[in-house]
Structure formats: structure tokens, C-alpha cells
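Here is what each chain is made of, one letter per residue.
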Amino acid sequence: MSPAQDQARALDPARSDFYHGLLRRMVLVRRFEERAGEAYAQGRIGGFCHLYIGQEAVATGSLAALRPDDYVFAAYREHAHAILRGTPPRAVMAELHGKATGCSRGKGGSMHLFDAERNFLGGHGIVGSHIPIAAGAGFAIKTRGTDQVAVCYFGEAAVNIGAFHETLNMAALWELPTVFICENNRYGMGTALERAAAVYDVSHRACSYDMASETVDGMDALAVYDVMARAVRRGREDKLPTLIEARTYRYMGHSMADPIHGHYRTKDELEEQKALDPIQRLEHALTEADLLDGDRLAAMREEIEAEVDDAVRFAEESPDPDEAELFTDVTRD
Amino acid sequence: MITKVVMEALSPTMEEGRIAQWLKQEGDAVKTGDVLAEVETDKAIMELPARGNGILRKIVVAAGETTEVGNLVGVIAGPDEDIGGVVGQGGQEEQEGQSAAPEAPAPSALTAPTALTAPGSGEGAGRIKASPLARRVAGEKGLDLRRVEGSGPAGRIVKRDVDAALTAPAALTAPAGGAEGWEDVPLSQVRKTIARRLTQSLAPIPHFFLTVAVDMERAAEARDALNAAGDVRISFNDIVVKVVAMALRQHRACNAWWQGDAIRYFHDVHIGVAVAIDEGLITPVIRHADRKSLRAIAEETGRLAERARARKLAPDEYTGSTFSISNLGMFDIAEFTAVINPPEAGILAVGAITPTPVAHDGTATIRRRMRVTMSCDHRIIDGATGARFLQTVRRMLEQPLAIVW
Amino acid sequence: MPTITYRDALNQALREEMRRDPTVFLMGEEVGVYQGAYKVSRGLLEEFGPQRIVDTPIAELGFAGIGVGAAMVGMRPVIEFMTWNFALLAIDQVVNSAAKMLYMSGGQVPVPIVFRGPGGAALQLGAQHSQAFDSWFAHVPGLKVVAPATPYDAKGLLKSAIRDDNPVVFLEGEMLYNMKGEVPEDEYTIPLGAADVKRAGSDVTIVCHSKTVAVALKAAERLARDHGLEADVVDLRTLRPLDVGTLRESLHRTNRCVVVEEGWPFCGIGAQVVDDLQREAFDDLDAPILRVTQADVPMPYNKLLERAAKPTPDQVIAAARRVAYLDR
């Protein structure tokens, strides 16, 4: 059987809304990222812009398994994570444009999206630096004795940095309810993982810390969801951490300033991976299971287009922060 | 627009000035830069320029009158402007004698065209070094920093210097009464200054005196030879200036100023040459005398002396000497002792060159001899130091070829 | 009033704040079972248990980050670096995370954390264990930096630091832990950002902080006795924000200033003090401001060389004489 058929058999019509929700959200963040790329190319977004295109299933599938009171930490490729956590696309697009209406009031930018109300706690630019921070949230949860979990998204290139190692050791040692999700998109900027890591399988590292781990096909939103649900349960009930390795792929370059392919990966490889596109896969699966038809899909895409259009227009028309904002929020006094 | 004409501080030590003559009269049109009057200062006759355009509407201080620095002497304004308010402030009457300790004069906002050096601030004109605090206090008290000697590093004026300058010296009162048949001659500015400065010098400075007799035969021969060969007349004094300057290079201890809490030893040598003028004396300065040729010294001395007699010396031409020479040889004075020009370390008094019977190479003969007496500030120079300096001076005068080194 | 050590003053501060606020916890190497590498946390594990007095592996970057994360979700961590020399490993968390979080998030996420530990030189600990990083942290907007010199200041300032909603770098000193001083029994705090005049005088201002306060006071005693100069000794207490007001007030009275500091001279704390004073109090200055600092070298091991590298009362006295124009 083809993978699509395989999935079709596993779909439960009673959860049709759930599946549509996943699909819708994947399409939303895909379109959002594509429009952000356009805006960057037109000079409306400046600085760094790291796009998530191709990886949608990881964030979409995993964040669907969380509660609003869980804590989410991400690195700098986090536009999708913020939107999926519930931050309005308008607020994210405005932040990318540096406007006062952005979710970080124009002072963070693409790499520092924050939405404290929705427990989306950044947006961190130094590779691996937010890994211990997420474990700190786990520590707080443990001290307070609640059943929240802390979740940390990072790329596979971050697993070679000291902060990863120090954190996973302490998270396992102290049993912190934290889920560490490694989005292995195979390339740390221009360096393939096999050139950077002595051990390719990221999840194997967990045994150094006696920590539970799982590897999952990151192009399959439903599979990601299931693995995440298990890890979250382990965190809530057993108060134990998990390392998840989600194997995925990014279609764009490391950032808008980096080549899409060339020296470090071939165009052929890119095309091969695109054939495994997560959105197409879920669409096919739903279609095969008769849970989705062309009209509904078209309507959904139109809605999403309008929503993303609106976000772009909102961002363009929003004002820059007041110059006085330069000096606000340095300290809280 | 009304421009007040005020008595300006035209020399570092000037406290008051006398209008020698007005060159513009009431009603004359004047523009900025025009010379309004000649002012007699404590040192020289200076020009008082107009600082604005208009008509010289009123002369407040007449020719022959004296007024303190900063006081109003005249008013420039438009032909119809009301100057009543300005003139009402008036100038000051000249006071006979000085019974009260003079306060520091009102600051003059304008400086003379040539750059002024503060007395005691070392060679070279230009910026006055003062700490920010000293400047502020001086500004508040209306004290002209050019009148203050700095005791800080590199002559920096610091607060204690400003404090000291604001403490006025006690003044003498005129004696009451007296015998009949006398005439009071008002002091000229020059006389006042000489009196003040040299009184200040003799009392506090512990003078001692060293005399040496110099055989001038060879010097005379050299002078004759030079004058025969050249077109500029070299005098004996020129030779003395050059020799003293070179000797000071070798005896740096004598090329110094008393600074109060330190002795300032100079790297350069500037010789003050006393020149007699009608009203008294003044010492124009030959700068870097050690490096100048005899010819240059002769020319410069001649020029400066002429300017001195014409009362046209500029402040930077009569300040900044590190050592002085006074020569009364032309008056047949055999020897004399001079008073040190503060804050210098010493002064050389040069007597006449006289044929004198002496023992020379074992026989009695007549040779031209000159006696020079050095007055030394014992705080800076000790007997042996001064003596060694004089030995060098004598050696070089007796063997003038040494000048060539 | 009881006389206690600086160490015990810190201990009391931690204890009182942890009793008062259940979100306060202490984390670091040897803070629990070992009773603290310098015994600052003696007895705390017994009172508060292992979830609030947390022994860590040697992983400064890791546990500093954990502290930041806990602070971001509403706790008040006190992260102990066994010495500030090791904090270099964690400086990314202190500067890039803690200091900047509030600003980057547009004011949404404060980080109420205290990083504390002994800094600067002790005795013959060698080059890597003797550095004073005061100015490295004072340089960063978003941080507050505190350096108490006495037991009284240590307790009051640590309590305030813990209650402050901002990341605070709290610089203690191994050589200070045994210092004794009077500390009130009743509750008190000292506000951050306020300097303290430790000795009044009107002839020269001596600015100091942390270990150099003792140096300054010794110098002041001898300046008064032997040199006729009464020094106004100003202890900065907080390095960022700097209490320029108190410094200016002192300089206005004395017109001359010497700064004595423990760190290296280039870009040290004293350089900032000089800049603030020359810029804001130029006309009060009768002399340039002189600084007495550690020698511009890595700290040597030999006892005599080390002593020669550290600021001394003799150096302060010489500088004071120069700014008073008693010497050139």
C-alpha cells in the first residue's frame, strides 16, 4: 500500500474536524511564510528571516497536542510556532515588519516573537540557548506541582552545542516535565548533519541521559501528533522529559539570505523531498478517506488567502513604534 | 546700537590706564577697528580700538585722565540714539594715593590684539591653563586669569592660586603732613609698576651677591674684529647677553623661576635686557638668546630698545624672560648690585670696562677689566651654584671663541 | 545590634526572602549538601529542602539558563556561580537571555533573577580565578549590578535584589565573607542604585566599591592623620545604575577625586565614574580625576607580585596628594 493509503486506513471519521484543523493550519502557515518571503524580497522585512516552509507538519502536529497553559519555547525559525500557538497572523506579520502592532511591539523582529498571554515565550536567536530556558520552565512546573509541560523546539544543529548536553542531563537528572523536540531538517545552515555529528540519530543521544526518546517522520502531521501526545502524557503524568526527533525538510535556504540549494544540497534532492510534502500528504490522505473534497479545499484556501492578505496589509499599514519606545522596557521599574 | 568704550586691560599687569590722547573727537564717525585713543599703560603706550560702528558720541574720560581697567571712557552709538542711561554710569575719578586695598578690577571682555601670556605661565603666548574650578571662581569674582600665577603642573592655575590672587596686597598710605616747599609729581604708570614689582621683589626674595672681575682684552679684540668684518655694530653688552645665555644652558639651575611650591627650570633661555627710558626702565626680552648669533642679538636689542624708548613695546616683547642683565657701564658705574626681576632666579649687573693695572702672566700690566655682579635668589641658587655660573661667564668672556661652540 | 559576618548576612537575606516568598529558590554548585562552597548557604537545605536549594552538576550555562526559564514563568531564582570567573561560561544566558528578554518581548516577559557569587581576587588563586568582571556586566542595559562592601550592605542589598523584577548581577568577594559588621535584627532593605558615604570629608572624594572600600578607608585615615587631607569616601554599592547624584554632591564639596577599583584599568568601572563626573561636574574640578586600579596584567601567583598588582592605600594616598597639588 502507498503511504497515503496506509494513512487513509488509519483515519477516523469522527475526528474529521481535527484533521481539517491540522490541514487548515498547515496551509495557513505555509501561505504565511510564502508571503513573508515575498515581503522580504521586496525589502519590507529586513534583517534575518528564517522560513519554515516544508516543516509545517512538525509544529502543527505537535502544538495540537498541548494545552494553553503549557509553555512553548522555540528558536528563530518560529513564525509558524507563534501562529499555531494562537498569536494572530496580523501580529506576527506586523512584528516581521517591525511595526508597533507586532507581537513584540516591533522591538524583537523575526527571531524574537513573544506572546506571553498564550505562553509562547520566544523567539531565541542564540543556537541552543533556549534549551536550558525551557528546562527552567519545567523546573518551575515541578516546583509548583502542576501537570503543565514545557516544550522546546530546536534544530538538529543545536544538539552539538554545550547547552543541549548540559540541559538534557539536568532535565533527566531532576526529572523535569519538558519535551525537547528536535526538528531535524538535515542541514544546519550549509552543513549536513552527517558532517557535524559523530552520531547521526539525534534521538540516540537521549540514552546518554537515560531519557525517553522517539524518532518520527516529520512530514506526517498525524504521526507527529501521536508521538507528541505520548511525550506530553509522560511529562504530565510521570513528570519525565522526552527527546523527540522529527525528521523533516526545509524547502527554502537557512534564511532568506542563504542559497536554497547548490553547494550544500542538490536541486534533485530538493525536488525529491518536495514530493513528500506534508500538506499534500494530508490532503491526499483526507481525500482518499473521503473526508475532504475539492470544493471544501478551495474554500479553505480562499479563506486562508484572505487571512494572509489581511495580515500583510495590516502589517504594511501599521505605524512604526514611537521613537520614545527606544528607551522603554529596558528594565521593569 | 550702543557700544561702550571701556578701558581695556592692554597688558598682563595693567590695573589702570591713562588716556594719553584721543585720536577721534566727539562727533567723529568710527567703525570697528579704528584707533580711538592712545592709552598709557604701566609699560607702554597702547592703542585703544573701536569695538563697534557709529558716532563717537561722548568722551567720558578726557586726555590726561586715568581710570581703572573696565571703566567707561566713551560711547559709540547711532547719531540719534539716547545714550543717557549709558553715560550715567560714568567713569571713575582718579584717586590720589591708594588707601584701600584695591579689589580685582572688573574683567575686561576684550583682549589686546597680540596674544598675552600670563605672568609666570612660562614662555610662549596662548591658552591659559587653568582648572575648570579655577576658571569658574575667577569668572565669578571677575579676576583676569592672565594676572594669576599657576602653581599646578605645567603652570596650571588652580584654585589656591586664584584664592591667593584675590587676596589683595596691603597698600601704603601717604605720610601725613611734611615740611614746606615740596612738589608732588604724580606717578607715571611705569614708575608705579616698577615700584610695585621691585618692592615685591626685594622684600621676600633672599638676595645674595657674587662679584667677579673679568679680563676683557680678548673680548675687545673679538668685538673689533667682528665690527670690522660685519655691517651690524656689536656692542659689549651683546657679547655679554650671548655669553650669559650660553652659560645658562650649562647651568640650568640659574635659569629658573620661583613658583611658590616648586622651582621651574626652563628648557629655553630668554634674556631680559634692561633699557633705560625717560620714566624709568623696562626690560625687553631677547628670546632664545643662546641660539641667536651676536648679530641677531645686536639687531634685536637695538630694535627693541628703540621701541622701548618710544613706549611702543608689546606685552610679549617685555615678558617671559628667564634671566636679566642690567648694564650701567655706559654711566661709568664700576660695579653695582641689581634687584632681581621676580620670579627670576638671578640678574647680572654689568659695570664699566676700565683699563686697570693688574698682574697678568707674572708681570704688572694694564688690561681692560670689567666687574659683573650677580644677584641670586638664595631659594633657587646657592653660593657654589652661582659661583660656578659666573666662572663660566668669565671664562667665555675671557675666551670669546667659546661662543662659537 | 548584633555583629555578624558578611557571609552570615547573605545567609540571613536568603533565608528571610525564601521564607517570605515561596517562588524564591537557590541553585548552584555545592549550595545544598556541601552547605555552600563558601558556606553562604549553610543550613538552607535543611530548612527549605532540595527543590528549593538545588545542587547542580558543573554546567554553568545550563543551570543559568534553567534559572532564566524559571524566572520567565514567574519564579524568583537565585543562581549562584561558585565564583564569577566561571560565569564566563554562562554569560550568554546573563547577557543575551536575562538582560534582553524584557526588551525583545516588547515588555511582556520580565526576568526577576539574581546571579550571585564571589568575584575579583582572593589570595594567590592565580590568573583564571582572580578576575573582576564588574564592568563587563555593568556595560549591559537590562541588567542591574550590585557590589556590597559590608555585612550591612550585603544583607539589605541582596534582599532588594531578590525582590527586584529585573536580572541582578550580585558581586560578592571571597575576601569579604569573613568581614564582620553590625547588622540590625529587624527587617530592612537597601534600595538598589544608591551609593553610600562611608566617611565624610571635604578635601578629596575617594570613590570605591566592594573590596576597595577597606583600602579607601585605610587611606583616608592616614590622609587625615599624616597629610592633612579629609577624604569623603563614597561607596558606590550599585554599579548599574550608578548613583551619579551622590558622586556629584561629593565632588562639589571637595573639587577633587580619586577612584579606586579592583578591576583592570581599561574600560573599568572607574572610567565610567570619571566620564560622568567630568561631563556633569566639569566646573567643580580643580584637578583631573585619578584612578587606582589593579595592574593591567593577568593575576600572578606569587604572593608579593599579587600584592603589587592589587590597589593599596599607599597608591590611593599618592593619588590624593597629587589631586590636591601636594605633589606633582
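Draft legend 1. A look at the overall build of chain A. A count of helices and strands for chain A gives 12 helices and eight strands. Across the 333 residues of chain A, 52% fall into the buried class.

Draft legend 2. Summary view of the sheet that holds strand β3 (residues 29–30) of chain B. Residues and elements named next belong to chain B. A sheet is described by the order of its strands in space; here four strands give the open sequence β1-β8-β6-β3, paired in antiparallel fashion. Either end of the sheet is taken by a strand with one partner, and the two such strands are β1 (3–6) and β3. Taken together, the four bridges between β1 and strand β8 (residues 72–77) define a ladder with antiparallel strand orientation. In the sheet register, valine 6 faces β8, and the bridge partner there is leucine 72.

Draft legend 3. Looking closely at the interface of chain A and chain C. Each partner contributes residues to the interface: chain A has 32 residues there, and chain C has 36 residues. Going through the elements one at a time, β2 (120–123), α6 (130–144) and α7 (162–174) of chain A are the ones with two or more residues in the side of chain A that touches chain C. Looking at the side of chain A that touches chain C, its residues break down into 15 nonpolar, 12 polar and five charged.

Draft legend 4. Fine view of the sheet that holds strand β2 (residues 24–28) of chain C. Residues and elements named next belong to chain C. Taken in spatial order, the seven strands make up an open sheet running β3-β2-β4-β5-β7-β6-β12, and their pairing is mixed. Single-partner strands in this sheet number two, and they are β3 (53–55) and β12 (238–240). Put simply, the sheet's adjacent strands are angled 20° from each other on average, direction ignored.

Draft legend 5. Molecular detail of the interface of chain B and chain C. In this assembly, 10 residues from chain B lie in contact with nine residues from chain C. No other element matches helix α2 (residues 132–141) of chain B, which puts four residues into the side of chain B that touches chain C. For the side of chain B that touches chain C, the class distribution of residues is five nonpolar, three polar and two charged.

Draft legend 6. Just the pairing of strand β4 (residues 35–40) of chain B, in detail. Taken together, the four bridges between strand β2 (residues 16–22) of chain B and β4 of chain B define a ladder with antiparallel strand orientation. Residue pairing across strands places isoleucine 19 of chain B opposite valine 39 of chain B, the latter belonging to β4 of chain B.

Draft legend 7. Broad picture of unusual backbone geometry. That bond from glycine 122 of chain A to glycine 123 of chain A is cis: its omega, 25°, falls within 30 degrees of zero. Here glycine 123 of chain A is to be found in strand β2. Residues arginine 240 of chain C and proline 241 of chain C are joined by a peptide bond in cis, for which omega reads 0°. With respect to the helices, strands and loops of the structure, proline 241 of chain C is situated in the loop between β12 and α9 (244–254).

Draft legend 8. Looking closely at the pairing of strand β4 (residues 76–80) of chain C. Residue and element names in this part refer to chain C. Where burial is concerned, most of β4 is hidden: five out of the five residues are buried. The two faces of β4 match: Arg76, Val78 and Glu80 on one face and Pro77 and Ile79 on the other face are all buried. Across five bridges, the pairing between β2 and β4 is parallel. Bridging from a neighbouring strand, leucine 26 pairs with valine 78 of β4. Inspection of the sheet shows β4 paired to strand β5 (residues 114–118) by three bridges, in the parallel sense. Within β5, the position partnered with glutamate 80 by the bridge is arginine 116.

Draft legend 9. Fine view of the packing of α7 of chain A against helix α3 (residues 60–72) of chain C. Their axes nearest at 8 Å, the elements α7 of chain A and α3 of chain C cross at an angle of 70°. The pairing of α7 of chain A with α3 of chain C is recorded here as roughly perpendicular in orientation. Like other packed secondary-structure pairs, α7 of chain A and α3 of chain C cross with a definite hand, here right-handed. In contact with Gly162, Ala163, Glu166, Thr167 and Met170 of chain A of α7 of chain A, α3 of chain C contributes Leu61, Gly62, Phe63, Gly65 and Ile66 of chain C. When its residues are assigned to classes, the contact of α7 of chain A with α3 of chain C shows five nonpolar, four polar and one charged.

Draft legend 10. How the structure looks around helix α8 (residues 212–227) of chain C. Residue and element names in this part refer to chain C. Considered for burial, the residues of α8 that qualify are Thr212, Val213, Val215, Ala216, Ala219, Ala220 and Leu223. In a view along the axis of α8, the buried residues occupy a sector of 150°, so they form one face of it. Pointing more than 90 degrees away from the buried face of α8 are the exposed residues Arg225 and Asp226. Trailing α8 by a residue or two, glycine 228 shows a phi angle of about 65°, which is positive.

Draft legend 11. Representation of helix α4 (residues 91–98) of chain C in the model. If you check which residues of α4 of chain C are buried, you get Gln93, Val94, Ser97 and Ala98 of chain C. Along the axis of α4 of chain C, the buried residues cluster in a sector spanning 115°; they form a single face.

Draft legend 12. Quick peek at the nonpolar core. Residues Val151 and Ile244 of chain A together with Ile206, Val258, Val316 and Ala320 of chain C are the most contacted members of the largest nonpolar core, which totals 218 residues. Element by element, the count of residues in this core is highest for helix α2 (residues 16–41) of chain A, at 10 residues. Excluding residues within four positions of it along the chain, alanine 320 of chain C makes contact with Val204, Ile206, Ala219, Leu223, Leu229, Ala231 and Val258 of chain C. Counting residues in each nonpolar core, the second largest holds 78 residues, with Met246, Val285, Ile297 and Cys376 of chain B among its members.

Draft legend 13. Just the packing of helix α5 (residues 89–96) of chain A against helix α12 (residues 294–317) of chain A, in detail. Residue and element names in this part refer to chain A. Between α5 and α12, the least distance of the axes is 8 Å, while the angle of their chain directions is 40°. When the interaxial angle is binned, α5 and α12 end up oblique. In this structure, the crossing between α5 and α12 has a hand that is right-handed. Contacts from Pro89, Arg90, Met93, Ala94 and Leu96 in α5 reach Glu307, Val308, Asp310, Ala311, Val312, Phe314 and Ala315 in α12. For the contact of α5 with α12, the residue count by class is nine nonpolar, no polar and three charged.

Draft legend 14. Summary view of the environment of phenylalanine 164 of chain A. Residues and elements named next belong to chain A. Topologically, phenylalanine 164 is positioned in helix α7. Taking the C-alpha atoms as reference points, phenylalanine 164 and serine 129, 35 residues apart in sequence, are found 8.2 Å from one another. With residues up to four places along the chain from it excluded, the contact list for phenylalanine 164 reads Gly128, Ile131, Ala158 and Val159.

Quick notes on the rules
- Numbers given for residues are sequential positions, taken from 1 along each chain in its written order.
- As they are written, the chains are lettered A onward and the ligands numbered 1 onward, keeping that order.
- Whole-chain, interface and lining totals are the exception, using all residues; otherwise, since this is a predicted model, local features are given only for residues with pLDDT of at least 70 and side-chain atom pairs are given and counted only at 80 or more.
- The way it works is that DSSP assigns letters per residue, a run of H or I at least four long becomes a helix, a run of E at least two long becomes a strand, and they are numbered from the N terminus.
- Put plainly, a residue is buried at 20 or more neighbouring C-beta atoms within 10 Å of its own, exposed at 12 or fewer, and partly exposed in between, counting only other residues' C-beta atoms, which are placed from the backbone.
- Should DSSP find at least two bridges between two strands, the strands are taken to pair.
- Placing a C-beta atom from the backbone of each residue, one calls two residues in contact when those atoms lie within 7 Å.
- Polar here means any residue outside two lists: the nonpolar Ala, Val, Leu, Ile, Met, Phe, Trp, Tyr, Cys and Pro, and the charged Asp, Glu, Lys and Arg; Gly therefore counts as polar.
- Axes here refer to lines fitted to C-alpha atoms; in helices the fit is confined to the stretch in contact. Angles between the N-to-C directions go from 0 to 180 degrees.
- For classification, angles of less than 35 degrees are called roughly parallel, those exceeding 145 degrees roughly antiparallel, those between 65 and 115 degrees roughly perpendicular, and all remaining angles oblique.
- Take the far helix as your reference; a near helix turned counterclockwise from it by less than a right angle gives a left-handed crossing, and one turned clockwise gives a right-handed crossing.
- The arc in question is traced by the directions running from the helix axis to the C-beta atoms.
- Throughout this description, the term nonpolar core refers to a group of buried Ala, Val, Leu, Ile, Met, Phe, Trp, Tyr and Cys residues whose C-beta atoms join them within 7 Å.

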